[in-house]
Amino acid sequence: MTIELQATTEPQTHKAFHVAIVGGGLCGLVCAVYLVRAGIKMDVFESASKFGEVGAGIWLGPNALRALDEMGLKDAIVAHADGAVPALAPFTFVSAEQGHQLIHSYQLNAEDETLGIHRAACLEALAELLDPSAIHFNKRCTYISQENSSRPVIHFKDGTSFAADVVIGTDGIKSMVRQAISGETGRLGVRFTGTVAYRALFHLDDVRRMGIQADLSCNPHCFVGAAKHIITVPIKGGKILNVVIFYTDRSLLGSVEMPPNEWVTPASKEEVLENFSDCGPDVKKLLSLIETCNKWCIHAIDPPLDYFVKGQVALAGDSAHGMCPHLGSGFGQGIEDALLLGRLLRHPSIDSFNVQEALRVYDRVRRPRANMVLTRSAWAGEVYESLPCKTLHSSLAVLWEPVWRHDLQEHLATAMDMLRVLDGTRLVEQFT
Ligand SMILES: Cc1cc2nc3c(=O)[nH]c(=O)nc-3n(C[C@H](O)[C@H](O)[C@H](O)COP(=O)(O)OP(=O)(O)OC[C@H]3O[C@@H](n4cnc5c(N)ncnc54)[C@H](O)[C@@H]3O)c2cc1C
């Protein structure tokens, strides 16, 4: 039986259209909060019974913090960072091998502040800003129907459905919305990268007691080695160290078809120590702190999508550009998606009749940049794990350049210029 759900968000806007967000992860909630702030009616549909994030930290680069600031959300997130504040903290690259020599310290400009925060705290900061009546849990999207000129309808596993003027799919890398709009249900369009990531959180007091040479309590570090690297980022005001331990078997790249429910599995401390047995003492001391951990099989969308939008359905966050985590930029790209979507949808010239045009501009402006970051993230992983390599230093020196040195204002202005020529279907002709 199909039940038409009632929209619940308080109308706060002159906009006569309604947005449905599928997926209440970090990117879905940034979209939701910003759309509400932009005066747009929206509802969030999340498959889980409550909001949840993995017990790990997340690092936000300068471009992500600038986009949050532009949306007026940075302060709310920093307020939940448990004492951490955006700071100039150069990423320090050291060898994972004996001697642990300094390889590179990333040069920062005055505006290159970054922030490490616990994921759950970040999610909570965003959830608090939403009207609970606009959030619908236990709503697993199974498909989307979109007849030529009518509103897209989201169908849920429980037999209910919801029609909206715009659907934003923020349902993560295994996105059902992506499958629905590509017409390839059952085909994820992702590849296993051959890299697994073990994740752990350590108390920094325990790390200090291990007598590790590098001071891991202030700056993010990357221990680089052949086919392996370890990223450490302090969170919770320097009380906790977020550690991601990457191990790669390149012969497995793309070769393994892994059922989605096997991407994350428990791993033993012995397995990690075995994989890093050729590393120097600091790495071994750090890894000895592991008690339990999970292993993530790192997947990325491959090839990058040639659409983020179909009709009145748009993808954002990992559903659009799920990428390797090697530049710590996946969420940052989702934040940039949310900012541009909000700006376009709130534009005075956009209404329920031409909302597709705003989405087309979103696709045209956001897709090249997000796909560039996706491709560069895979390259960064190869750089870290290419020891010994003569070009390692020069590659590290420019690692984040195009990601961080992004002119957000110019990007937004380009999109607004595209909307300015909006005149019925002319926009479509001009930009396709
Ligand atoms: C090891 C690792 C480290 C990382 N480190 C960083 C970092 O430091 N900085 C950074 O910027 N990024 C980092 N990333 C990337 C970042 O985690 C992701 O880009 C980000 O979490 C994506 O958020 P999302 O909301 O798009 O997707 P998700 O977090 O996957 O959320 C999707 C949501 O949709 C829901 N959902 C799924 N299917 C359905 C459905 N059919 N119907 C309804 N709801 C559904 C899910 O329950 C979930 O709540 C890292 C990733 C990994 C793997």
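Just so you know, these numbers come straight off a predicted model, no measurement behind them.

Asker: Requested: an account of the domain arrangement of the protein, with residues and values cited.
Answerer: When its domains are assigned, the protein resolves into domain 1 (3-81 + 119-189 + 305-431) and domain 2 (190-301). In this structure, domain 1 and domain 2 have C-alpha centres spaced 28 Å apart. If you look at the interface, domain 1 gives 29 residues, while domain 2 gives 29 residues. At the junction of domain 1 and domain 2, the tally comes to 7 residue pairs in polar contact (both at pLDDT 80 or more). Contributions of two or more residues to the side of domain 1 that touches domain 2 are made by β4 (57-60), α9 (318-321) and α11 (355-384). Among the residues forming the side of domain 1 that touches domain 2, the class breakdown is 15 nonpolar, 8 polar and 6 charged.

Asker: So what's going on with helix α4 (residues 119-127)? Residues and values would help.
Answerer: What α4 keeps buried is the set Arg 119, Ala 121, Cys 122, Leu 123, Ala 125 and Leu 126. The inward-facing, buried residues of α4 abut α1 (26-37), β4, α3 (74-79), β7 (115-118), β13 (190-203) and α10 (330-345).

Asker: Describe the pattern of salt bridges, with residues and values.
Answerer: On inspection of all chains with the given rule, the structure shows 19 salt bridges. In this structure, Asp 112 engages Arg 405 in a salt bridge whose closest nitrogen and oxygen atoms are separated by 2.9 Å. Of this pair, Asp 112 sits in the loop between β6 (102-105) and β7 while Arg 405 is found in the loop between α13 (401-404) and α14 (408-420), placing the two residues 293 residues apart along the sequence. The buried category is assigned to Asp 112, whose relative accessible area is 0%. Given a relative accessible area of 31%, Arg 405 falls into the partly exposed group. Arg 209 is the partner of Asp 206 in a salt bridge, and the nearest nitrogen-oxygen pair spans 2.5 Å.

Asker: Tell me about the sheet that holds β6, and please be specific about residues and values.
Answerer: Taken together, the 8 strands give an open sheet; going across it, the order is β6-β5-β14-β15-β16-β13-β18-β17, and neighbouring strands pair in mixed fashion. A single partner strand is all that each edge strand has here, and the edge strands are β6 and β17 (264-267). Along the sheet, successive strands turn relative to each other by an average axial angle of 25°, direction set aside.

Asker: I'd like to hear about the sheet that holds strand β2 (residues 18-22), residue by residue, with values.
Answerer: An order of β8-β3-β2-β12-β20-β19 is seen for the 6 strands of this open sheet, with the pairing classed as mixed. The open sheet has two edge strands, β8 (135-136) and β19 (309-310), and neither has a second partner. Bridge count for strand β12 (residues 166-169) against strand β20 (residues 313-315) is 3 bridges, and the pairing is parallel. Within β20, the position partnered with Val 167 by the bridge is Val 313.

Asker: Describe the nonpolar core, naming the residues involved and giving the relevant values.
Answerer: Counting 148 residues, the largest nonpolar core has Val 19, Met 42, Phe 93, Leu 286, Leu 345, Tyr 384 and Trp 400 as its most contacted members. No other element matches α11, which puts 12 residues into this core. The residues that make up this core include at least three from each of domain 1 (3-81 + 119-189 + 305-431) and domain 2 (190-301). The contact partners of Phe 93, leaving out residues within four places of it in the chain, are Gln 101, Leu 102, Ile 103, His 104, Cys 222, Val 224, Tyr 384, Leu 396, Leu 399 and Trp 400.

Asker: Describe the pairing of strand β10 (residues 153-156), naming the residues involved and giving the relevant values.
Answerer: In β10, alternate side chains face the same way, and those of Val 153 and His 155 on one face and Ile 154 and Phe 156 on the other are all buried. Here strand β9 (residues 141-145) runs beside β10; their pairing, made up of 4 bridges, is antiparallel. Residue pairing in the sheet places Cys 141 in a bridge with Phe 156 of β10. Bridging between β10 and strand β11 (residues 160-163) involves 3 bridges; their strand directions are antiparallel. If you follow His 155 over to β11, its bridge partner there is Ser 161.

Asker: Tell me about the packing of aromatic side chains, and please be specific about residues and values.
Answerer: Any two aromatic rings considered together are summarised by their centre-to-centre distance and by the angle between their planes. Scanning the model with the defined rule gives 14 aromatic pairs in all. Note on Trp 59 and Trp 400: the rings are 5.5 Å apart at their centroids and 55° apart in plane angle, and the pair reads as tilted. With a gap of 341 residues between them, Trp 59 in strand β4 and Trp 400 in the loop between α12 (392-397) and α13 connect regions that are remote in the sequence. Looking at Trp 59, the relative accessible area reads 9%, which means it is buried. Both rings, one in Tyr 106 and one in Trp 404, keep their centres 5.4 Å apart while their planes meet at 75°; by these two values the pair is edge-to-face. One end of the pair, Tyr 106, is in the loop between β6 and β7; the other, Trp 404, is in helix α13, with 298 residues separating them in the sequence.

Asker: Explain unusual backbone geometry to me, using residue names and the numbers behind them.
Answerer: In this structure, the amide linkage connecting Asp 302 to the following residue, Pro 303, adopts the cis form with an omega of 0°. Mapped onto the fold, Pro 303 is located in the loop between β18 (293-301) and β19. The backbone of His 100 sits at a positive phi, close to 45°, despite the residue not being glycine. Here His 100 is to be found in the loop between β5 (92-95) and β6. For His 100, a relative accessible area of 7% corresponds to the buried category. Phi is positive for Asn 138, close to 55°, though the residue is something other than glycine.

Scoring rules and cut-offs
Residues numbered from 1 in each chain as written. Predicted model: local features only at pLDDT ≥ 70, side-chain atom pairs only at ≥ 80, totals over all residues. Heavy atoms only, no water. Domains from an automatic or database assignment. Contact = heavy atoms within 4.5 Å. Polar contact = N/O pair within 3.5 Å; in protein donor to acceptor, adjacent residues only side chain to side chain. Helix = DSSP H or I, 4+ residues; strand = E, 2+ residues; numbered from the N terminus. Nonpolar A, V, L, I, M, F, W, Y, C, P; charged D, E, K, R; others polar. Buried < 20%, exposed > 50% of the residue type's maximum accessible area, 1.4 Å probe, protein only. Salt bridge = Lys/Arg side-chain N within 4 Å of Asp/Glu carboxyl O. Pairing = 2+ DSSP bridges. Axes fitted to C-alpha atoms, helices over the stretch in contact; angles between N-to-C directions. Core = buried A, V, L, I, M, F, W, Y, C linked by side-chain atoms within 4.5 Å. Phe/Tyr/Trp six-rings, centres within 6.5 Å; stacked < 30°, edge-to-face > 60°.

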